[in-house]
Amino acid sequence: MPTTIAPRIRTLVLLFLAVTGALIAGTGQASAHAALTGSDPAQGTVVDKAPTQVSLTFSEQVSTGADAVRVLDPKGKRVDTGEPSAVGGTTYSVPLHSGLPDGTYTVTYQVVSADSHPVAGAYTFSIGAPSATSVSASTREAGDGVVGGLYGFGRYMSYAGFIVMVGGAAFVLGCWPAGTGVRALQRLVISGWLALTSATLFLLLLRGSYTGSGELDDVFDLELLGQVLQTKTGAALVSRLLLLAAAALFIAVLFGAYDKREGEEKRDLTFGLAIGGTVVAAGLAASWAMAEHASTGLQPGIAMPVDIVHLVAVATWLGGLCALLVALYRGDTPVGLPAVRRFSQVAFGSVVALVVTGVYQSWRQLGSWSAFTETRYGQLLLIKIGLVALLVGIAWISRRWTNRLGETAGGKPAGTETTGTETAGAETTGTETTGAAEAAAVATAGGRKSPTAGKASAAARTRAAQASATVTEPEPQPEPEPEEEGTGETGDGSGSGSEPESRSGAGSEAGSGSESGSGSEAESGSGSRAGSISGSGDAKRAAQLARQRAAMDATRQKRVRDADPQRLGLRRSVLAEAGVAVVLLAVTTALTSTEPGRTEQDAKAATAASSTSASEGTSGAVTLDMSFDTGGTDGKGVVSVDIDPARTGANEMHVYVTRPNGRAFDIPEVKVAFTLEAQKIGPLPVTPDHITTGHWSANGVQIPMAGEWQIAVTVRTSDIDQVTVSKNAQIG
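This structure is a prediction, so every number in the text was calculated from the model and none was measured.

Engineer: I keep staring at the overall build of the protein chain and nothing clicks. Help me out?
Structural biologist: Each helix and strand counted, the protein chain has 17 helices and 18 strands in total. Looking at the 732 residues of the protein chain, the share that counts as buried comes to 46%. Residue pairs at least 24 apart in sequence account for 71% of intrachain contacts in the protein chain once pairs closer than 6 positions are excluded. Summed over all atoms, the accessible surface of the protein chain reaches about 34100 Å², with 58% contributed by carbon and sulfur.

Printed below as a string of structure tokens:
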């Protein structure tokens, strides 16, 4: 059996690594979770007058650096001045040199979204007329390349380490306390801790290059590392390392002091470890929740606790499954039926928690049924749901095997093991007899080298060889005891001589008749010394045979236990669960690196609206499209503002509100405000009149002077849900 276990474990590990590599390679870049929803000047537009700045609007707040936004002229020279700055909401701008000549300009950007993922892209606009040449912007996507692949692998290993460490410890503490003394389980939990710690340090080093240049040379740049430590993601990684120190103390107590406690003292320590372990596990899960999906978007105050529960439930279920698999395959101490049943109950509770939290997270990240099929996030989520359903189905089969194992726990398996023990005992008796015969033969040969003694010694060695073969054979037969008769020794009598001769024979440990015919004291002393030497060698031989018998007995008991069809079926079903869990974890890792369906659909809608406004921009009117999300029911849509003729003096303004699918709908209130920050003018409020469904209008909107005006629109979708979005536009 030991020769077949290792290949199965190796196969599982190879499957683990193969799926990891395939999904990381298939994912390509780590898809950004913030998207560019608008720009001014817009992509592909031709403006008559050189702008004084370039503004970019994203679907969520982003972090910008010194070179986050660059503007290049047709010859590739930078024409932006200063660093990007936030001008309101999710809009960021960078100032430009004045008096820019006509031609096609390229805007490149690389920022970090609020959920820690890098965002990069480029577009062009023209002044006066498009030029014959333009700059080809770098096509490197954020998070791709070698550094991106390594970062993705580090994320996967951190999730795997967390699941194995937390789930394994929970299985030992809550389901099988006797497992604290099983070396295989100790190695499993410690391996999870080492994997999570190593992966966290690895991610901390890679973070600066991952969100920046993407070059391996920057991995050990201390300046970049210092910048990373000041970010939200850096703080989360450092917090994780501190919590891992507490986790190391927990593991040391669990497999050290806890294993040695008994009775009431052990129950008290169990309660303390349960409380402390839960706090540490929740803290580690929070290090992901505070820096990724849950920390941005809708209802982050609810989403982060839900994400923590989700991660802990995953670890308890899948990590406990790994611990059960190791206990069934590699544990020297057989895992009992009560432990398997307790884990079955814990796994059921974890699945319920996963379903509840997963439904909420799916609604939050998708927002519509169409996003399941129209976005990459939705497609991966469908795969994950299918894998979870498959895993639950296999778990149901495992539960059936557990019930069958319980029905036969007091019957046949116990009797079978007893039979194997009795067989081992019979074999032990035969081996001891053989060893005694061998010792007697050696003693006799040392006393007097007679032909008869040589024959006895040869027979003893033959029996010893047979005993040695018996230890290695799978089904040994007990060796019959040799008959010790007086006729086997020759001399001038039958071995019933004088009393000194009897003492000499006893000293050789071979029984009566070993030394016959001489009766001298010298020969008797020689036989005693030979017997003493032989006894010392025989003690070593006996110890060696005892160790071999113990190993053989343990192997036989394990073979009998593993031959139980119910236990064998349980092991196979748990192995299948673990294989599906490996793939599920890989899909989950890819899912956390993919742009949510809500964001992707918002970006598509904003891009389409921007293209429409750009095509209509040559008429002299200004059209601005801004996506909004108030967080409430029907709180998501696009607000469009038309200003005609977009010049100083009186203007006509129309406001349109549509859903993400383009259908118009009404909301309780819309307000608009104009601000010219360069001249400290405004905000100038305008309250348009409701005309029809999704349409508001205002006439005679006065623009006092030309400039780069900020137009802010406040949208209220309920009594408590409202949001303000803004964009800049050149008027006059």
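Engineer: Which parts of the structure should I look at to understand the sheet that holds strand β18 (residues 722-731)?
Structural biologist: Strand pairing in a sheet is mediated by backbone hydrogen bonds. Such pairs are either parallel or antiparallel. Read from one edge to the other, the open sheet built from four strands follows the order β14-β13-β17-β18, with strand pairing classed as antiparallel. The outermost strands of the open sheet, each flanked by one partner alone, are β14 (681-686) and β18. Taken pair by pair, the neighbouring strands of this sheet meet at an average axis angle of 20 degrees, ignoring direction.

Engineer: Would you take a moment to explain empty space enclosed by the protein for this structure?
Structural biologist: To find the voids left in a structure, one rolls a probe of water-molecule size over its atoms. The tally for this structure, following the rule as stated, stands at four cavities of 30 Å³ or more. Taken as a whole, the largest cavity encloses approximately 130 Å³ of empty space. Looking at the lining of the largest cavity, the elements that each hand over two or more residues are α2 (145-174), α5 (232-254) and α7 (263-289). Here the lining of the largest cavity gets four residues from one element, more than from any other, and that element is α5. Tallied by class, residues from the lining of the largest cavity come to six nonpolar, four polar and three charged.

Engineer: I keep staring at α5 and nothing clicks. Help me out?
Structural biologist: Because an α-helix packs 3.6 residues into every turn, residues spaced three or four apart end up facing the same way. A rise of 1.5 Å per residue sets the reference length of α5, with its 23 residues, at 33 Å; its end C-alpha atoms lie 33 Å apart and thus fit the reference within 8%. Check the buried side of α5 and you find it contacts α2, α3 (183-210), α4 (222-229), α6 (257-260) and α7.

Engineer: Looking at this model, I keep getting lost on the side chain of Q186. Mind explaining?
Structural biologist: Inspection of the secondary structure assignment puts Q186 in helix α3. Dropping the residues within four chain positions of it, Q186 is found in contact with T180, G181 and F255.

Engineer: Looking at this model, I keep getting lost on the nonpolar core. Mind explaining?
Structural biologist: If you look at soluble globular proteins, the nonpolar side chains tend to sit buried side by side. Within the largest apolar cluster, 67 residues are counted, with the highest numbers of intra-cluster contacts made by F162, M165, F171, W176, L185, L254 and L318. Contributions of two or more residues to this core are made by α2, α3, α5, α7, α8 (300-329), α9 (337-366), α11 (376-407) and α16 (565-592). Excluding anything up to four places from it in sequence, F162 contacts G167, L196, A281, L284, A285, W288, L311 and A315. Counting 29 residues, the second-largest nonpolar core is a separate cluster that includes V670, V672, V725 and I731.

Engineer: Help me understand the packing of α3 against α4, please; the structure alone is not making it clear to me.
Structural biologist: Where α3 meets α4, the axes come as close as 9 Å, and the angle between the chain directions of the two elements is 100 degrees. Classed by the angle they form, the pair α3 and α4 counts as roughly perpendicular. Taking contact as the criterion, the partners of L204, R207, G208 and S209 in α3 are, on α4, L224, L225, V228 and L229. When the residues that make up the contact of α3 with α4 are grouped by side-chain class, the tally is five nonpolar, two polar and one charged.

Engineer: Teacher, can you tell me more about the pairing of strand β7 (residues 91-95) here?
Structural biologist: A regular strand places its side chains on the two faces of the sheet in alternate fashion. Most of β7 is tucked away: four of the five residues are buried. Note: strand β3 (residues 53-58) against β7, five bridges, orientation antiparallel. From the neighbouring strand, Q53 faces β7, where its bridge partner is P95. Pairing between strand β6 (residues 85-88) and β7: three bridges, direction antiparallel. Looking at the pairing, A86 lines up with Y92 of β7.

Engineer: What should I look at first to understand the sheet that holds strand β10 (residues 622-629) in this one?
Structural biologist: In space, the five strands of this open sheet follow the order β10-β11-β12-β16-β15, with antiparallel pairing throughout. Each edge of the open sheet carries a strand with a single partner, namely β10 and β15 (689-692). Shown here is a sheet whose adjacent strand axes are inclined to one another by a mean of 25 degrees, direction ignored. Relative to strand β11 (residues 636-644), β10 runs antiparallel, the two sharing eight bridges. Bridge assignment links L624 to a residue of β11, and that residue is V641.

Engineer: Would you mind showing me how to read the environment of R647 here?
Structural biologist: Secondary-structure assignment places R647 in the loop between β11 and β12 (649-658). Assessed through its relative accessible area of 52%, R647 is described here as exposed. Separated by 56 residues in the primary sequence, R647 and I703 place their C-alpha atoms 7.0 Å from one another. Sequence-distant contacts of R647, that is, excluding residues within four places in its chain, are made with I703, I731 and G732.

Engineer: Where do I start with unusual backbone geometry in this structure?
Structural biologist: Leave glycine aside and you will find that most residues have negative phi; peptide bonds, for their part, are mostly trans. A cis geometry characterises the amide bond from D40 onward to P41, with omega recorded as 0 degrees. Here P41 shows up in the loop between β1 (36-40) and β2 (46-47). In this structure, the amide linkage connecting G682 to the following residue, P683, adopts the cis form with an omega of 5 degrees. Its identity is not glycine, yet A646 carries a phi of approximately 60 degrees, on the positive side.

Engineer: Quick question: what am I supposed to make of the packing of α2 against α7 here?
Structural biologist: A packed helix pair is summarised by two numbers, namely the angle formed by the two axes and the spacing between the axes. Two elements in contact, α2 and α7, have axes separated by 11 Å at closest approach and are oriented at 165 degrees. When the interaxial angle is binned, α2 and α7 end up roughly antiparallel. Between α2 and α7 lies a crossing of left-handed hand. Contacts between α2 and α7 involve S158, Y159, F162, M165, V166 and L173 from the first element and T270, L273, A274, A281, L284, A285 and W288 from the second. Among the residues making up the contact of α2 with α7, the classes are represented as eleven nonpolar, two polar and no charged.

Criteria and thresholds
Residues numbered from 1 in each chain as written. Predicted model: local features only at pLDDT ≥ 70, side-chain atom pairs only at ≥ 80, totals over all residues. Heavy atoms only, no water. Helix = DSSP H or I, 4+ residues; strand = E, 2+ residues; numbered from the N terminus. Buried < 20%, exposed > 50% of the residue type's maximum accessible area, 1.4 Å probe, protein only. Contact = heavy atoms within 4.5 Å. Areas by Shrake-Rupley, 256 points an atom, 1.4 Å probe, with all protein chains shown as cover. Pairing = 2+ DSSP bridges. Axes fitted to C-alpha atoms, helices over the stretch in contact; angles between N-to-C directions. 1 Å grid on protein atoms, 1.4 Å probe; cavity = no way out; pocket = protein on both sides within 12 Å on 5 of 7 lines; lining within 4 Å. Points joined across faces, edges and corners; volume = space filled by probe spheres on them. Nonpolar A, V, L, I, M, F, W, Y, C, P; charged D, E, K, R; others polar. Expected span 1.5 Å × (residues − 1). Core = buried A, V, L, I, M, F, W, Y, C linked by side-chain atoms within 4.5 Å. Parallel < 35°, antiparallel > 145°, perpendicular 65-115°, else oblique. Left-handed = near helix turned anticlockwise from the far one by under 90°.

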